[in-house]
Amino acid sequence: MSITTNQPAVVDEGTFSVHRTIQIAAPVPKVWEAVTAPEHISRWFGHTELAGEGAGATGTMSWPDRAAIPLRVEAIDPQRMVAYRWNNDDASGTIPETFDAASSTMFTFTLEPADGGTRLTVVETGFTATSDAAENMASHQEGWTFELDKLVALLESGS
């Protein structure tokens, strides 16, 4: 297992975005599966269900303490990039029953080979479409730090 120190996620108030780049001591194909296959996403993030494959697939992501969040796969460039839209507006306190693009944010994972593994960058944008951009960016900053740390631990443990 590597001893990589990844920096926490950061908020860019100028672009209303949250981003984080991490190093993972695992090959790109393994990281790709972890961020695209629902059964693998469910091991480190929220329980994920998708109907269909590729761009346009829709589904939900859920946690034990909250309702399922609608999501849609926006774009895929195999082994390099996957983008999802979701209705994860923490500040509103409500979650729509079906996916609503008008009030969604988009998070994009970009993967690059790096010495000893993979460099993974997540960028979440679109917070101006939410009920409270500043509160949601702060919440998602914490979320991406916590969730991606779990991904690193899972993949670097050999699981």
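In this report, the structure presented in the accompanying data block is examined.

## Some details on the layout of surface pockets
Here comes step 1: Counted as a void, the largest pocket has a volume near 260 Å³.
Here comes step 2: In terms of lining, the largest pocket is formed by 13 residues, of which the most central are R66, N88, D90, G143 and E147.
Here comes step 3: Looking at the lining of the largest pocket, the element that brings in the most residues is helix α3 (residues 133-156), giving five residues.
Here comes step 4: Taken together, the residues that form the lining of the largest pocket break down as four nonpolar, four polar and five charged.
Here comes step 5: What lines the second largest pocket is a set of 13 residues, among which T36, L50, G52, E53 and G54 lie closest to the centre.
Here comes step 6: Looking at the lining of the second largest pocket, the elements that each hand over two or more residues are α1 (28-36), β5 (66-77) and β6 (81-86).

## What about empty space enclosed by the protein?
Here comes step 1: Going through the model one piece at a time under the given rule, you end up with one cavity of 30 Å³ or more.
Here comes step 2: Of all the elements in the fold, those that place two or more residues in the lining of the largest cavity are α2 (38-44) and β7 (105-114).
Here comes step 3: Within the lining of the largest cavity, the residues separate by chemical class into nine nonpolar, one polar and no charged.

## Quick look at the sheet that holds strand β4 (residues 58-63)
Here comes step 1: Across the sheet, eight strands lie side by side as β1-β2-β8-β7-β6-β5-β4-β3; this open sheet has antiparallel pairing. Each edge of the open sheet is held by one strand with a lone partner, namely β1 (10-12) and β3 (47-51). Averaged over all neighbouring strand pairs, the angle between strand axes comes to 25 degrees, with direction disregarded.
Here comes step 2: Of the pairings in the sheet, the one linking β1 to strand β2 (residues 17-24) comprises three bridges and is antiparallel in character. Bridge pairing links V10 to H19 in β2.
Here comes step 3: Against the sheet, α1 contacts β2, β5, β6, β7 and β8 (117-125), and its axis sits at roughly 165 degrees relative to β7.

## A look at the pairing of β2
Here comes step 1: Between β1 and β2, which pair antiparallel one after the other, the connecting turn spans four residues, and F16 there sits at a positive phi close to 50 degrees.
Here comes step 2: The sheet contact formed by β2 and β8 spans seven bridges and is antiparallel. Bridging across to β8, T21 finds its partner in T121.

## Observations regarding the pattern of salt bridges
Here comes step 1: The final tally for this structure, using the stated rule, is seven salt bridges.
Here comes step 2: In this structure, D90 engages R66 in a salt bridge whose closest nitrogen and oxygen atoms are separated by 3.0 Å. Here R66 lies in strand β5 and D90 lies in the loop between β6 and β7, a separation of 24 residues in the sequence.
Here comes step 3: The class of R66 is partly exposed, set by a relative accessible area of 30%.
Here comes step 4: Measuring nitrogen to oxygen at the nearest pair gives 2.9 Å for the salt bridge that ties K150 to E147. Taken together, the residues K150 and E147, both in helix α3 and three residues apart, mark about one turn of the helix.
Here comes step 5: K150 gets classed as partly exposed once you look at its relative accessible area, which sits at 30%.

Cut-offs and rules
- Residues numbered from 1 in each chain as written.
- Predicted model: local features only at pLDDT ≥ 70, side-chain atom pairs only at ≥ 80, totals over all residues.
- Heavy atoms only, no water.
- 1 Å grid on protein atoms, 1.4 Å probe; cavity = no way out; pocket = protein on both sides within 12 Å on 5 of 7 lines; lining within 4 Å.
- Points joined across faces, edges and corners; volume = space filled by probe spheres on them.
- Helix = DSSP H or I, 4+ residues; strand = E, 2+ residues; numbered from the N terminus.
- Nonpolar A, V, L, I, M, F, W, Y, C, P; charged D, E, K, R; others polar.
- Pairing = 2+ DSSP bridges.
- Axes fitted to C-alpha atoms, helices over the stretch in contact; angles between N-to-C directions.
- Contact = heavy atoms within 4.5 Å.
- Salt bridge = Lys/Arg side-chain N within 4 Å of Asp/Glu carboxyl O.
- Buried < 20%, exposed > 50% of the residue type's maximum accessible area, 1.4 Å probe, protein only.

All we've got here are geometric facts, nothing functional implied.
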